[in-house]
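Each chain, letter by letter, is given below.
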Amino acid sequence: MTSNRAAYAAALCTAAYGLMKLAQALGANALADKDPLPPDLRERLLARDPLFVASHWVLFAVAVGGVVVALATVRPWGRRLPRRALLVAAWTAGVLMIVRAFGPVGYGFVGDTLVLTGVSAPPPGHAEVARELARWDLLLWSPFFLLWGLSWTAAARRFGRRT
């Protein structure tokens, strides 16, 4: 991505994710049933466990901050913020999103492919749900996190080159 599009794409992806977490915090499903979590955590998420509701509020707040950081890399008012902090935040967000997309933590392209090909055995009694969630993750979440991460890293790279 060139110009300022990467920063705006990072802001847009961050806003979309934040709005989804806000909707979940307020009680909407908003794809919560498609979240690739282990069975016990998934049950708590869908039962609206107070810890998960609180985490949705926290993630929404972090997303608001992320939108500000992404826009600060391209907007004139961003020059008033510490450059190094913006660079660290943008690069960190980008790398974390890309790592999430590929899945060395068990999700992402790698983890989902292992589950769907039968190389990695899902938890007993949850095999069909695990395969369904792996399909959702492979087709929706992993590509989204990859686009999000590439947007962040492109924005960080461009911001780092600006004087």
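You'll find the structure just up there.
A few points on the structure. (Residues numbered from 1 in each chain as written. Predicted model: local features only at pLDDT ≥ 70, side-chain atom pairs only at ≥ 80, totals over all residues. Heavy atoms only, no water.)

Summed over the entire model, instances satisfying the criterion amount to 6 aromatic pairs. Both rings, one in Tyr-17 and one in Trp-148, keep their centres 5.1 Å apart while their planes meet at 45°; by these two values the pair is tilted. Of this pair, Tyr-17 sits in helix H1 (residues 5-25) while Trp-148 sits in helix H6 (residues 127-161), and the two are 131 residues apart along the sequence. An angle of 40° between the planes, with centres 5.5 Å apart, marks the rings of Phe-145 and Trp-148 as tilted. A residue pair is termed a helical-turn pair when its members lie 3 or 4 positions apart in one helix, as Phe-145 and Trp-148 do in helix H6 at 3 residues. Under the relative-accessibility criterion, Phe-145 is labelled buried at 10%. (Phe/Tyr/Trp six-rings, centres within 6.5 Å; stacked < 30°, edge-to-face > 60°. Helix = DSSP H or I, 4+ residues; strand = E, 2+ residues; numbered from the N terminus. Buried < 20%, exposed > 50% of the residue type's maximum accessible area, 1.4 Å probe, protein only.)

As enumerated under the stated definition, the model contains 6 salt bridges in all. Here Arg-44 ties to Asp-49 by a salt bridge, and the two come within 3.3 Å at their closest N and O atoms. For Arg-44, a relative accessible area of 33% puts it in the partly exposed group. Its salt-bridge partner being Arg-100, residue Asp-137 comes within 2.5 Å of it at the nearest N-O pair. Taken together, the residues span a long stretch of sequence, with Asp-137 in helix H6 and Arg-100 in helix H4 (residues 83-102) at a distance of 37 residues. Comparing Asp-137 with Arg-100 shows no difference in burial state: the two are buried. (Salt bridge = Lys/Arg side-chain N within 4 Å of Asp/Glu carboxyl O.)

For the rest of this paragraph, the subject is unusual backbone geometry. For Ala-30, which is not a glycine, the phi torsion comes out positive at approximately 40°. For Ala-30, a relative accessible area of 25% puts it in the partly exposed group. Positive phi values are uncommon outside glycine, yet Leu-31 reaches one of about 70°. Here Leu-31 lies in the loop between H1 and helix H2 (39-46). With a relative accessible area of 34%, Leu-31 lands in the partly exposed category.

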